[in-house]
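Notes for the structure review
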Amino acid sequence: MLDDNDREEVLALLDADPVANVFVASRVRTVGLNPGRLGGQMWGFGPRGGLVSLCYAGANLVPVNAGREAVQAFADRARKQGRRCSSIVGPATAVEQMWERLEPHWGSARAIRSAQPVMATDSAPAAEPDPLVRRVKPEDFGILLPACVAMFTEEVGVSPDNGDGGALYRSRVAELIRIGRSYARIEDGQVVFKAEIGAVTPQACQVQGVWVHPDFRGRGHAVAGMATVVEQALKYFAPLVTLYVNDYNLSARAAYRRVGFREVDTFMSVLF
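Please read all numbers here as calculations on a predicted model, not as lab measurements.

Let's shift gears to the packing of aromatic side chains. This structure, assessed with the given rule, holds 8 aromatic pairs. Consider the rings of Trp43 and Phe74, whose centres lie 6.4 Å apart with planes at 35°: the pair is tilted. With a gap of 31 residues between them, Trp43 in strand S1 (residues 41–45) and Phe74 in helix H4 (residues 68–81) connect regions that are remote in the sequence. Taken individually, Trp43 and Phe74 each receive the classification buried, so the pair is uniform in this respect. For the pair Tyr244 and Phe267, a centre-to-centre distance of 5.1 Å together with 55° between the ring planes defines the contact as tilted. Taken together, the positions of Tyr244 in strand S10 (residues 241–244) and Phe267 in strand S11 (residues 262–271) put the pair 23 residues apart, joining distant regions of the chain. For Tyr244, a relative accessible area of 33% gives the class partly exposed.

Shown next, in the form of structure tokens:
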């Protein structure tokens, strides 16, 4: 298990692939490697001064640069520890190998998303931005929250209100608003489009929670809204904007391509 003494070595490994590792790198840069602040543990594979792989073991289990030998070591540790995560997510090959080792011990998953294209862009949006998409203000929290819950439920298949009644999820929504990383088009007290910039490093930022109200789908709001988000992200947060999407969500993938995103990798998610 790694700690703050390993921070520089960990960041060097994470920064070698800023797109794939943006979530974990953002956590480490923000709070360090102390488990109490990190909200989990960081496991390393390889000797000090020669780390070759990592695994973030928190609410998500996320392998980083993990070959077969590292995957086996991480899976063994996760098996002995018992399942504490709500998902395994990361590069498809590593996640698939990890799940092969854990499934006999952890039982069936609630859902498996075996192919999630990772998309990225470092260019100004190829589509016209929506001038009505703006940063969400703290006073808009009550309007935005139901849209966030609807997006999460639609995407993940369960409500974020399960477990702790949604307290942690509400706190995260409020935090992204507070730090200026929540964007939406709000008309007559209703969210038409929304998205958040969930993870940020000096090299890249990751868009999450993209959602268009069902009554407004098919009208180009996703393309124009994402164009605004990309424009803002490149201006204020990082020189590279990334996201990942389910392979079967053809309309979303097409919308992102129209904005200028290209597919650069493939993730896999195992959801519990």
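On we go.
Next up on the list: helix H7 (residues 167–178). Its 12 residues give H7 an end-to-end C-alpha distance of 16 Å, which sits within 8% of 16 Å, the value for a rise of 1.5 Å per residue. Buried residues of H7: Tyr169, Val173, Leu176 and Ile177, and no others. One side of H7 holds all its buried residues, which, seen down the axis, span an arc of 105°. Exposed and oriented more than 90 degrees from the buried face of H7 are Leu168 and Arg178. Each element contacted by the buried residues of H7 is listed here: helix H6 (141–156), strand S7 (182–187), strand S8 (190–200) and strand S9 (205–212). At the exit of H7 stands Gly180, carrying a positive phi of roughly 75°.

Moving on: unusual backbone geometry. At Asn65, a position not held by glycine, the phi torsion is positive, near 50°. Positive phi outside glycine occurs at Asp188, with the angle close to 50°. Among the residues examined, Asp188 registers a relative accessible area of 83% and is labelled exposed.

On to the packing of H6 against H7, then. Between H6 and H7, whose axes approach to 10 Å, the crossing angle comes to 120°. Classified by the interaxial angle, the pair formed by H6 and H7 is oblique. Judged by the sense of rotation from one axis to the other, the crossing of H6 with H7 is right-handed. Where H6 approaches H7, its residues Phe141, Leu144, Leu145, Cys148, Val149, Met151 and Phe152 are matched on the opposing element by Tyr169, Arg170, Val173, Ala174 and Ile177. A per-class count over the contact of H6 with H7 returns 11 nonpolar, no polar and 1 charged.

According to UniProt, the "domain: N-acetyltransferase" (unreviewed entry) feature falls on residues 131–272. Between the C-alpha atoms that bound residues 131–272 there is a distance of 39 Å. The span itself is 38% helix and 29% strand.

Let's shift gears to the packing of helix H1 (residues 7–15) against helix H2 (residues 22–31). H2 packs onto H1 with a crossing angle of 155° between their chain directions and a minimal axis gap of 10 Å. Classed by the angle they form, the pair H1 and H2 counts as roughly antiparallel. You can see that H1 and H2 cross each other, and the crossing is left-handed. On H2, the residues that touch Arg7, Val10, Leu11, Leu14 and Asp15 of H1 are Val24, Ala25, Val28 and Arg29. Residues of the contact of H1 with H2, tallied by class, amount to 6 nonpolar, no polar and 3 charged.

What follows concerns the environment of Asp215. With respect to the secondary-structure elements, Asp215 resides in the loop between S9 and helix H8 (221–236). On the accessibility criterion, Asp215 (52% relative accessible area) is exposed. Linking Asp215 and Val192, residues 23 residues apart in sequence, is a C-alpha distance of 8.4 Å.

Parameters at a glance
- Residues numbered from 1 in each chain as written.
- Predicted model: local features only at pLDDT ≥ 70, side-chain atom pairs only at ≥ 80, totals over all residues.
- Heavy atoms only, no water.
- Phe/Tyr/Trp six-rings, centres within 6.5 Å; stacked < 30°, edge-to-face > 60°.
- Helix = DSSP H or I, 4+ residues; strand = E, 2+ residues; numbered from the N terminus.
- Buried < 20%, exposed > 50% of the residue type's maximum accessible area, 1.4 Å probe, protein only.
- Expected span 1.5 Å × (residues − 1).
- Arc of directions from axis to C-beta.
- Contact = heavy atoms within 4.5 Å.
- Axes fitted to C-alpha atoms, helices over the stretch in contact; angles between N-to-C directions.
- Parallel < 35°, antiparallel > 145°, perpendicular 65-115°, else oblique.
- Left-handed = near helix turned anticlockwise from the far one by under 90°.
- Nonpolar A, V, L, I, M, F, W, Y, C, P; charged D, E, K, R; others polar.
- UniProt positions renumbered as here; feature names shortened; annotations may be inferred.

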